[in-house]
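Examining the three-dimensional arrangement
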Amino acid sequence: MIGDLGFIFVNGTPVNCSTEERCNCTLGTTYLIADCSGLLLQKTPNFTENVTIIDLGFNRIQTFPTNLPPYVTHLNLTGNSQLKEIKKNDLNRYKQLQHLVVSYCYLSRIDKGAFERNENIEYLDISNNPKLTLSVLNNITTDLQGSKIKTLLLDKLECTYGVSVAFLTVYVEHLSNTTLETLSVASNRISYFEHKVFDVLPKTLREINVGDNDLGYGLYLYVLSNLRGVQIINATFQNSFHLKRRLQDSCLEPWNSETNEEPLQGEKGGQSSSKISSPFAIRESAKSGHYQGSFLTFFIPPSLERFYFHDNMYKMEIQRYQFNTTDGSRKLTHLFLQNNIFYKLTGPLIGVQGVQFLDLSNNLCTDISIHFFQEFYGLLNLNLSKNMLSTCIENDLEGKIFNRLKKLKVLDLSFNRIRNLPYSIFKNMGELTNLYIKSNSLETFSIAIDHMPNLSFIDLSNNRIAYFDASMQTSLQGITENQRIQINLLKNPLQCTCKTLTFIKWLQTYQAHILDFKRYNCISSNSSILKFHDSKRIISSLEYLCATYITLIVVETLLLIIFLSLTIAGILNRYKWRLRHLFYIAKRRHLEVQHLQTIKSDTYRYDAFVSYADEDKDFILQKLDFLEEKSNLRLCLHSRDFIPGTDIADNIVNAIHQSRRTLCVLSSHFFDSYWCMYELNMARMESIYSRKGSNILCLVVMNKTVFQNIPLKIIDLFENQTYVEYYEYENNDTPFWNKMCQILQS
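Please read all numbers here as calculations on a predicted model, not as lab measurements.

About the cut-offs
- Residues numbered from 1 in each chain as written.
- Predicted model: local features only at pLDDT ≥ 70, side-chain atom pairs only at ≥ 80, totals over all residues.
- Heavy atoms only, no water.
- Helix = DSSP H or I, 4+ residues; strand = E, 2+ residues; numbered from the N terminus.
- Buried < 20%, exposed > 50% of the residue type's maximum accessible area, 1.4 Å probe, protein only.
- Contact = heavy atoms within 4.5 Å.
- Areas by Shrake-Rupley, 256 points an atom, 1.4 Å probe, with all protein chains shown as cover.
- Pairing = 2+ DSSP bridges.
- Core = buried A, V, L, I, M, F, W, Y, C linked by side-chain atoms within 4.5 Å.
- Disulfide = S-S within 2.5 Å.
- Polar contact = N/O pair within 3.5 Å; in protein donor to acceptor, adjacent residues only side chain to side chain.
- Axes fitted to C-alpha atoms, helices over the stretch in contact; angles between N-to-C directions.
- Parallel < 35°, antiparallel > 145°, perpendicular 65-115°, else oblique.
- Left-handed = near helix turned anticlockwise from the far one by under 90°.
- Phe/Tyr/Trp six-rings, centres within 6.5 Å; stacked < 30°, edge-to-face > 60°.
- Lys NZ or Arg CZ within 6 Å of the ring centre and 35° of its normal.
- pLDDT = per-residue confidence, 0-100.
- Salt bridge = Lys/Arg side-chain N within 4 Å of Asp/Glu carboxyl O.
- Patch = residues over 30% accessible without salt bridge, like charges linked within 9 Å, V, L, I, M, F, W, Y side chains within 5 Å.
- Expected span 1.5 Å × (residues − 1).

So, the overall build of the protein
- The helix and strand tally for the protein stands at 16 helices and 38 strands.
- Counting only residues that meet the buried cut, the protein has 50% of its 746 residues in that class.
- Considering only contacts in the protein between residues 6 or more positions apart, those separated by 24 or more positions represent 67%.
- Summed over all atoms, the accessible surface of the protein reaches about 36900 Å², with 50% contributed by carbon and sulfur.

Considering the sheet that holds strand β25 (residues 367-368)
- A sheet is described by the order of its strands in space; here 3 strands give the open sequence β19-β22-β25, paired in parallel fashion. Two strands bound the open sheet, and with one partner strand each, they are β19 (315-318) and β25.
- Inspection of the sheet shows strand β22 (residues 341-345) paired to β25 by 2 bridges, in the parallel sense. When the bridges of β25 are listed, leucine 345 appears paired with isoleucine 368.

Here we look at the pairing of strand β36 (residues 659-666)
- Counting buried positions over the 8 residues of β36 gives 7, a clear majority of the element.
- In terms of strand pairing, strand β34 (residues 606-611) meets β36 through 5 bridges, oriented parallel. Residue tyrosine 606 lies in a different strand from β36, and its bridge partner there is serine 659.
- Across 5 bridges, β36 lies against strand β37 (residues 697-701) in parallel orientation. Opposite cysteine 664, over in β37, you have leucine 699 as the bridge partner.

Brief notes about the nonpolar core
- Formed by 152 residues in total, the largest nonpolar core has its most connected members in Phe373, Phe402, Phe426 and Phe445.
- Per-element tally for this core: the top contributor is helix α6 (residues 501-509), with 5 residues.
- Excluding residues that lie within four positions of it along the chain, phenylalanine 373 makes contacts with Leu358, Ile368, Leu382, Leu384, Ile401, Phe402, Arg404 and Leu405.
- Core analysis: the next-biggest nonpolar cluster, separate from the first, contains 30 residues, Phe609, Ala613, Met682 and Tyr727 among them.

As for helix α1 (residues 137-144)
- Of all the 8 residues making up α1, 7 are buried; the element is thus mostly covered by neighbouring parts of the structure.
- Among the residues of α1, those classed as buried are Leu137, Asn139, Ile140, Thr141, Thr142, Asp143 and Leu144.
- Looking at the buried positions of α1, the neighbouring elements they touch are β8 (109-110), β9 (123-125), β10 (151-153) and β11 (165-167).

Observations concerning unusual backbone geometry
- For the bond running from glycine 347 to proline 348, omega is 0°, close enough to zero to count as cis.
- One can find proline 348 in the loop between β22 and β23 (349-350).
- For phenylalanine 58, which is not glycine, the phi torsion reads 60° and is therefore positive.
- On the accessibility criterion, phenylalanine 58 (51% relative accessible area) is exposed.
- Positive phi outside glycine occurs at aspartate 212, with the angle close to 55°.

So, the sheet that holds strand β32 (residues 521-524)
- With mixed pairing, the 3 strands of this open sheet are ordered in space as β31-β32-β33. The open sheet terminates on both sides in strands that have one partner only, identified here as β31 (495-496) and β33 (529-531).
- Bridge count between β32 and β33: 3 bridges; the pairing is antiparallel. Across the sheet, the residue bridging to asparagine 521 is lysine 531, located in β33.

Describing the state of the cysteines
- Enumeration according to the criterion identifies 3 disulfides in this entry.
- Across a sulfur-sulfur distance of 1.9 Å, cysteine 23 and cysteine 36 are joined as a disulfide pair. Here the S-S torsion is close to 120°, and the disulfide linking cysteine 23 with cysteine 36 is therefore right-handed. Separated by 13 residues along the polypeptide, cysteine 23 in the loop between β1 (13-15) and β2 (24-27) and cysteine 36 in the loop between β3 (32-35) and β4 (53-55) bring together distant segments of the chain.
- Taking the relative accessible area as the measure of exposure, cysteine 23 reaches 7% and is therefore buried.

Re the side chain of aspartate 459
- With respect to the helices and strands, aspartate 459 occurs in strand β29 (residues 457-459).
- Here asparagine 488 takes part through its side chain, which lies 3.4 Å from a polar atom of the side chain of aspartate 459.
- Not counting residues up to four positions away in its chain, the partners in contact with aspartate 459 are Leu435, Tyr436, Ile437, Lys438 and Asn488.

Quick look at the pairing of β22
- In this structure, β19 lies alongside β22, joined through 4 bridges in parallel fashion. Across the sheet, residue lysine 315 finds its bridge partner in β22, namely isoleucine 341.

A few points about the packing of helix α12 (residues 648-657) against helix α14 (residues 674-690)
- Running from amino to carboxyl end, α12 crosses α14 at an angle of 40°, the nearest separation of the two axes being 10 Å. The angle between α12 and α14 places the two elements in the oblique class. α12 and α14 meet at a crossing whose hand is right-handed. Every residue of α14 that contacts α12 at Ile648, Ala649, Ile652, Val653, Ile656 and His657 is listed here: Trp675, Tyr678, Glu679, Met682, Ala683 and Glu686.

Topic: the packing of aromatic side chains
- Summed over all chains, the structure comprises 39 aromatic pairs.
- Taking NZ or CZ as reference, lysine 386 lies 5.8 Å from the ring centre of phenylalanine 415, over its face.

Considerations on the confidence of the model for the protein
- Model confidence for the protein is summarised by a mean pLDDT of 84, while 86% of its residues fall at 70 or above.
- A low-confidence stretch, residues 1-10 (pLDDT under 50), is modelled with 28 contacts involving residues beyond four sequence positions or located in other chains.
- Here residues 590-601 is modelled with pLDDT under 50, and outside its nearest four sequence neighbours on either side it reaches 11 contacts, counting other chains as well.

Quick look at the environment of leucine 100
- Examined against the element boundaries, leucine 100 turns out to sit in strand β7 (residues 99-101).
- In the structure, leucine 100 is positioned 24 residues away from asparagine 76 in sequence and 5.9 Å away in space, judged by C-alpha atoms.
- Non-local contacts of leucine 100, meaning those with residues more than four positions away in its chain, are made with Phe64, Leu75, Leu91, Phe115, Ile121, Tyr123, Leu124 and Asp125.

Some words on the pattern of salt bridges
- Under the criterion given, the structure shown has 13 salt bridges.
- For glutamate 20, the salt bridge goes to arginine 22, with nearest N and O atoms at 2.9 Å.
- For arginine 660, the salt bridge identified is with aspartate 607, shortest N-O distance 2.7 Å. Taken together, the positions of arginine 660 in strand β36 and aspartate 607 in strand β34 put the pair 53 residues apart, joining distant regions of the chain.

Things to note about the environment of threonine 30
- With respect to the helices and strands, threonine 30 occurs in the loop between β2 and β3.
- Given the relative accessible area of 70%, threonine 30 is considered exposed.

With respect to a nonpolar patch on the surface
- Where nonpolar side chains cluster on the molecular surface, the patch consists of Leu560, Phe563, Leu564, Ile568 and Leu572 and spans about 490 Å² of accessible area.
- Tracing the chain through its elements places leucine 560 in helix α7 (residues 535-574).
- Classification of leucine 560 as partly exposed rests on a relative accessible area of 47%.

Digging into α14
- Taking 1.5 Å as the rise per residue, α14 with 17 residues should run 24 Å; its terminal C-alpha atoms sit 23 Å apart, in good agreement.
- Taken together, the buried positions of α14 are occupied by Cys676, Met677, Tyr678, Glu679, Leu680, Asn681, Met682, Ala683, Arg684, Met685, Glu686 and Ser687.
- Where α14 begins, the side chain of serine 673 points an oxygen toward the backbone nitrogen of cysteine 676, at a separation of 3.3 Å.
- One or two positions beyond α14, positive phi appears at lysine 692, with a value near 55°.

See below:
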């Protein structure tokens, strides 16, 4: 970029060339240098005639030196704060002068004709002389119209604080036939260019610097295409803040206080009658007739390659702008738009197919439209760091924002507070080589990268990543086999636990691809910090710990299963009859059995269900006629009334449920029978849970030996319930059966 001229020479021979002994003189092959800078000289010393390069910078010289050798080609007077003017004849002696630097002085006037005889001058820097004002350009450019000028630096000829000014055509109209290549008018409070300025500038102009001004939207933007040879435009630091350090920084306009000359007038008698104050304001432009449809069209120089528009104080949404050239060429390759306040990128930008480098970092941007990059077909390097794109990126599940960037090689998304990257966010970036996602809030990193064969560097430093999952490890492993990729995971809280053991082993195996692997740390399960410089020991410790841990888990799991099994078995054993009863009752109620009809709760099909062992069937059958015909009892006998084809357990439950009483004929054979005991227990459950505690059991003890064979599980039945002893009526059983009829009918 444009800057002050400096003299740097090496391999010269020290010689004496000046009356000032402190000057350093160096003799080269084709030159003799005299370096007298920084000596606080008040007068210019004399030099030998063969001195061609003289540095008198940072002294206290008060008048422009006229006693220098006539063949001097390079002269540096920068930093002489006592130098106030350049008179008409001060440079007449130096006809071979090619480079002149008079920046950072205290110049307040340059006479017309001062450079009239310096036809060989190629480089002129009068920057940082704010007392001159831009009006001095009429004198300077008039003198330079027949010169060989190539570089003209006119920065900060206006004071820092004051009313904005216009850059007039008369300032540069005499340069139209020169070979000027570089023009800098930075830091001059310029808010507007007369549109004819770009018509009169020479066609040889390659670089123009208008940085650190107050440029706004105006008609001059529509004649930029007249700068046909310009390759670089610097429009940085527009509307920037400046710290006021001294009173002298204030302006003495509206006219030059030294010469009392009136300011030059513009095209319409004033400085600017066509300027629109809002920078790139679509609404204002629409009112002026320059707003075409739904977007703005700018005709840029056809040779423009680099556009610097960073560090400006413009707060705006980048909407749909179209950049055209008069000949249809597309040479623009670099756009520097960082450090602005472009809070939303809506777009699309039309006519940017040739752009290869785009910097949009540090713009406080929160949203990017899926259409913004649709014409950046040739983009190779994209910097979106230091924005606030977390929500925008995290919601792009299908990767539509970067869908058109198929040639992109470098992408920087650092410092964007991103917490999660969608898997398909970079699905079309098959040519990507460098991916920077450092200093975000990523806790996981799992994206599609198998289609990126050229990927060589991934920067994930300073995130919150604990480990890579198995799929990400596999994807990275596939890339490492084909090329030497480098991954930066520094300053992440990597975990060294049994869960991440596979990941730690992966890092150890592919440590050649992990940047600064020995500097890594990880956090163990007990929160201690482990250093990767001894990663093998970490893995060994984890393997032992995890093996013991797995064994412990297996043992504890087995013990838990055994405990639960025993507990459940105990519960089932304790309530097995209740559970069985509930099961069969539920089954009875929900299964439709055609031959079993649901009965009312207050009526029963049988007066009694008789439970007996087959060995005791004669005891019942011989009195069956008496009980059913003479006593009019309805009895249910399993040998006669059970439904064929139905489960025995179902028949038993149904018989008990449909009988008012259950008569159990207890004998030694009864206790030996599984189904008899089943009938007894189910009748007990029926009494407790279905008959609301009403006793339905009628126990008949056949003989005294029965008490010797009573199981412990039902002994409480005989302790809490009345029973009938048949053996007491053995000689005359008629009273027994009469009593039984009364009991069964009650």
